[in-house]
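So the chains spell out like this:
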Amino acid sequence: MVNAFFKELYRTFVSRKVTIYLIAFLSLFYFLGLIIPQRSLLDPGQFAAWQAQWPLLVETLTAVKLTSIYSSPLVIGATVLFFLNLLLVTAKRVPAVFRSMQLPGSTDLSMKNVETLPVHEKFMLDDAAGVAAVRSRIQRSGFRVIEGRGCFRAVRNRFAPAGSLLFHGSFLLILLGGMFLFHTRFRGETFITEGQLFNGSRSEYRSVTRYSEMRKSLPDLRITVEKIAPRFEKREPVSLATRITAQSNGVRRTGAFDVNAPFVMGTTSVLITDVGIAPYVRVVDRRGRELLGAFVSLNVIRGDEDHFTIPDTDYTVWVKFWPDAAVDEAGNRTTRSYDLKHPVYEIAVRKGGSDVASGTITDAARSVLFEGLQLSIPEMRYFGRFMIVDERGGGLLIAGFILALAGLTIKFLFPKQEVLGAWHEADGKTAFLVGYQGEYLRGLGKQEFDRILSGDEDL
Amino acid sequence: MTALERLFFWTAVLLYALSLALYVVNFVFKAEKRSQTALGTLLAGFAAETGAIAVRWYESGHAPVVGNYENGLAGSWLITLFTLYLVHRKKDFRYAALGSIALSLLILGIGMMSSPTMRPLNVALLSFWLYVHIFFAWLAYASYTIAFSIGILYVLKEKKQAAGSPPGGIFEKLPSLDVLDDMMFRYVVFGFITDAVMIATGAIWAKDLWGSYWSWDPVETWSLVSWLLYGLVIHLRVSLGWRGRKLAWLTIAAIIGVLVSFWGVNFIVEQSTHIFNVR
């Protein structure tokens, strides 16, 4: 009874209908993920703003996991079922596929067998030499001919059915790769200034994402940024060439990299995703005591305003920056380019929401004075926004991609085709019947057949 | 956009529109004699668009891959190339040009309205994988467009046949329904394979650029949905034996996935890593 139930369950589960339902279900949820803002895709501020605007809606959607749809139990469950279905359907087809690829040593066909093919033609030949000529033309077209008594069977691309196994098998590799990547993946973001050493401790990362509880450790990585040399054309970044020395798992290496060409050490990749200006800000009081003396990373290179606070004080310093300052026709300050040719800082010091002082700094000798303090910028460097990624499983994923493409190519671009021929002597002539069948082809089968028989493969 | 490029561009648009009009007139009024004129006009439009691409490439110093305008230019060029190839190889497929020229014009129009300004190649786009990714994307989309056009022809011819149209009509000159069906399937299959290469190379590029093979970015997700839709079309044909009208309607409907992944996503969502700003 129980056995029969499981057999029925298995039969239902490996049916194509279930595959189609699962694809439809996953497509629906992917679509929902497109129209419902996803927590993983928005930055926290944007998500909070949306939450504040529609509190009840967001609460409801979050409760049913629709704001993190791709990691919701429903979608993960459906994905697992999809791959399980795929595995079982593929496994079920293996014996039939292998059978269809095998070629017998000889063949036995009658005229009636050939007549059942969707495309066939009868010839009345003077002798059997005509049959041999057609057979050799078929062979020249890449068919392998199996002889029989008064008949032949020719097969081209007999391994095409294996393409289906390769394609569906590749999904399992991709799934395995995806799972490895998900559970081993670490992603951290940090700002590092030229000359600065990054030791890889948790506090040095601005943000850290671990996708799975299984990933516990931080990557063993130390970085010293030697040089960042961004290049802009018409205010468009065309290179963020960076040179670093990195040490990972006892190996030390110096190298250059750029956007689209990460610095890779084992399973760890270092990517540069943006650059900014890190002025060395020095604030001293009347007695020369230093309140601040550090490189401050500011997102101001493209004209945005950024700020920082002076430690142990209530002062906030707002900064505007022009890398290659000029004055436009209206008398407003502007920048000619993003190259650091003529850097100018506009400083506004605020305390409790009120302006305390403002000024312009164009070189190391200039400073802004306010309430007994002096702010100067004796030096400036670039800082980079770096992404550090550590994961395993990429190889499986790529192997899966390659296998999938090989499978699709074998199955569809080189489909299995068969030509069957049978003949007998009648009234001093040879009655020769030849037929063709190709996977997926019905209307084009006749054209293919004519092409093979004429030996004109390039037609 | 230089004056020469503008001249080539608008000449191409004009000739494509004229060619489309001629094909429509031929089709509706059964004026077969003018089909060579329509094809010649399409060829001339294609030559003009090639000129626009060449000027753009020379002036910008990079292949046309930046922004909707350049992508539209490259995309419609490839769709027209596929159409010309098909019509050259199989003359009875000439009315497939009806759907593909209309889509080419739509792509060019949207591109022109969005961003024809020439921009340097952002560092995010400086990758070998970009060219492979985009090339295969357009191969896929061009194939799907041709399949879509053949699907329309199939539905029209089948409807006419069912209505018992008199012999000698324009539909008689179209290939048989079986041949249309096979060709539609072939283009879907070719599109599906090249689409797979597009997704795979995109994932490899994304790993270098964003540190992750897959980010469930809306464009990525919708490309996957679109690919799965065509996968479904193939599965239904291969496994369940769907052919004919059902498959034709499915192929026509599946183009929506492509249109949404290319333009629709940006209308629906504001955040996509596919905006390609290094910030």
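Since the structure is predicted, the reported quantities are computational estimates derived from the model, not experimental observations. (Residues numbered from 1 in each chain as written. Chains lettered and ligands numbered in written order. Predicted model: local features only at pLDDT ≥ 70, side-chain atom pairs only at ≥ 80, totals over all residues. Heavy atoms only, no water.)

## Some thoughts on the overall build of chain B
Looking only at helices and strands, chain B has eight helices and zero strands in total. Listed N to C, the secondary structure of chain B is α-α-α-α-α-α-α-α in terms of helices and strands. On C-alpha atoms alone, chain B measures out to a radius of gyration of 19 Å, which is about the 19 Å that the 2.2 N^0.38 rule sets for 279 residues. Classification of the 279 residues of chain B by burial places 62% in the buried group. Split by element, the accessible area of chain B, about 11100 Å² in all, is 68% carbon and sulfur. (Helix = DSSP H or I, 4+ residues; strand = E, 2+ residues; numbered from the N terminus. Rg over C-alpha atoms; globule rule 2.2 N^0.38 Å. Buried < 20%, exposed > 50% of the residue type's maximum accessible area, 1.4 Å probe, protein only. Areas by Shrake-Rupley, 256 points an atom, 1.4 Å probe, with all protein chains shown as cover.)

## Digging into the nonpolar core
In terms of nonpolar packing, the biggest core is built from 185 residues, with I150 and W227 of chain B touching the most fellow members. If one sorts the elements of this core by residue count, helix 6 (residues 177-210) of chain B sits on top with 18 residues. With near-sequence residues (within four places) excluded, W227 of chain B lies in contact with F167 and F171 of chain A together with Y144, F192, D195, A196 and I199 of chain B. In this structure, M111, L117, L420 and A431 of chain A belong to the second largest nonpolar core, which totals nine residues. (Core = buried A, V, L, I, M, F, W, Y, C linked by side-chain atoms within 4.5 Å. Contact = heavy atoms within 4.5 Å.)

## What to know about the pairing of strand 2 (residues 144-148) of chain A
All names here are of chain A. As paired strands, strand 2 and strand 3 (residues 151-156) are joined by five bridges and run antiparallel to one another. Within strand 3, the position partnered with G148 by the bridge is C151. Linking strand 2 back to strand 3 in an antiparallel pair, the connection comprises two residues, with G150 at a positive phi of about 70 degrees. (Pairing = 2+ DSSP bridges.)

## Quick notes on the pairing of strand 11 (residues 268-284) of chain A
All names here are of chain A. Within strand 11, 15 of the 17 residues are buried, which leaves the element mostly enclosed by the surrounding structure. Pairing of strand 10 (residues 263-265) with strand 11, which is carried by three bridges, proceeds in the antiparallel orientation. Its bridge partner lying in strand 11, F263 is registered against V270. Relative to strand 20 (residues 373-390), strand 11 runs antiparallel, the two being bridged by 15 bridges. Its bridge partner being in strand 20, V283 is matched across the sheet by L375. Here five bridges tie strand 11 to strand 12 (residues 290-295), and the two strands are oriented antiparallel to one another.

## Topic: the interface of chain B and chain A
In this assembly, 57 residues from chain B lie in contact with 58 residues from chain A. When the two sides are added together, the surface that chain B and chain A hide from each other amounts to roughly 5000 Å², 66% of it contributed by carbon and sulfur. Joining chain B to chain A, the criterion identifies one salt bridge. Residue E391 of chain A is joined to K207 of chain B by a salt bridge in which the shortest nitrogen-to-oxygen separation is 2.6 Å. Counting every contact that joins chain B to chain A gives nine residue pairs in polar contact (both at pLDDT 80 or more). (Buried area = accessible area lost by both parts, 1.4 Å probe. Salt bridge = Lys/Arg side-chain N within 4 Å of Asp/Glu carboxyl O. Polar contact = N/O pair within 3.5 Å; in protein donor to acceptor, adjacent residues only side chain to side chain.)

## Topic: the confidence of the model for chain B
All names here are of chain B. With 91% of its residues at a pLDDT of at least 70, chain B reaches an overall mean of 85. Here residues 275-279 is a poorly scored stretch, pLDDT under 50, and it has 21 contacts once near neighbours within four places are set aside; other chains count. Here the predicted complex carries an ipTM of 0.78, next to a pTM of 0.81. (pLDDT = per-residue confidence, 0-100.)

## A few points about the sheet that holds strand 21 (residues 417-426) of chain A
Residue and element names in this part refer to chain A. Strand order in the open sheet formed by five strands is 1-22-21-3-2, and the pairing between neighbours is antiparallel. Each edge of the open sheet is held by one strand with a lone partner, namely strand 1 (119-125) and strand 2. Across the sheet, the axes of successive neighbouring strands diverge by a mean angle of 15 degrees, strand direction being ignored. By the bridge criterion, ten bridges tie strand 21 to strand 22 (residues 429-438) in an arrangement that is antiparallel. Opposite A426, over in strand 22, you have K429 as the bridge partner. Most of the contacts of helix 7 (residues 129-140) go to strand 3, to which it runs at about 15 degrees, and overall it touches strand 1, strand 2, strand 3, strand 21 and strand 22. Sitting on the sheet, helix 10 (residues 445-454) is in contact with strand 1, strand 3, strand 21 and strand 22, with an inclination near 35 degrees to strand 1. (Axes fitted to C-alpha atoms, helices over the stretch in contact; angles between N-to-C directions.)

## Re the pattern of salt bridges
Residue and element names in this part refer to chain A. Following the criterion strictly, the structure yields 27 salt bridges over all chains and no others. Among the salt bridges present, the one from R336 reaches D324, with a minimum N-O distance of 3.4 Å. In this pair, R336 is assigned in the loop between strand 16 (333-335) and strand 17 (344-351) and D324 in the loop between strand 14 (315-322) and strand 15 (325-327), connecting sequence segments twelve residues apart. Since its relative accessible area comes to 54%, R336 is described here as exposed. Between E379 and R381 there is a salt bridge; the shortest N-O distance is 2.9 Å. Judged by its relative accessible area of 34%, E379 is partly exposed. Given the relative accessible area of 27%, R381 is considered partly exposed.

## Structural notes on the packing of aromatic side chains
Residues and elements named next belong to chain A. On inspection of all chains with the given rule, the structure shows 35 aromatic pairs over all chains. With a centroid separation of 6.4 Å and 65 degrees between ring planes, the pair formed by F82 and F171 is classed as edge-to-face. Taken as a pair, F82 in helix 5 (residues 73-101) and F171 in helix 8 (residues 160-184) lie far apart in primary sequence, 89 residues in all. Each ring, one from F152 and one from F432, has its centre 6.3 Å from the other, and the planes form 40 degrees; the classification is tilted. Taken together, the residues span a long stretch of sequence, with F152 in strand 3 and F432 in strand 22 at a distance of 280 residues. (Phe/Tyr/Trp six-rings, centres within 6.5 Å; stacked < 30°, edge-to-face > 60°.)

## Considering the sheet that holds strand 18 (residues 354-361) of chain A
Strand pairs in the sheet, formed through backbone hydrogen bonds, run parallel or antiparallel to each other. Residues and elements named next belong to chain A. With antiparallel pairing, the four strands of this open sheet are ordered in space as 13-14-17-18. The open sheet has two free edges, formed respectively by strand 13 (306-309) and strand 18, since each of these has just one partner strand. Between one strand axis and the next, the sheet turns by 20 degrees as a mean value, whatever way the strands run. Relative to strand 18, strand 17 is paired through seven bridges, and the arrangement is antiparallel. Within the sheet, the bridge partner assigned to K351 lies in strand 18 and is S354.

## Points about a nonpolar patch on the surface
Taken together, V2, F5, F6 and L9 of chain A make up a surface patch of nonpolar side chains, about 420 Å² in accessible area. Structurally, F5 of chain A is set in helix 1 (residues 2-13). (Patch = residues over 30% accessible without salt bridge, like charges linked within 9 Å, V, L, I, M, F, W, Y side chains within 5 Å.)

## Observations regarding the side chain of S248 of chain A
All names here are of chain A. Its location among the elements puts S248 in strand 8 (residues 236-248). Judged by its relative accessible area of 4%, S248 falls in the buried class. At a separation of 3.0 Å, a polar atom in the side chain of S248 contacts the main-chain carbonyl oxygen of D220. Those residues in contact with S248 that sit more than four places away from it in its chain are D220, L221 and M265.

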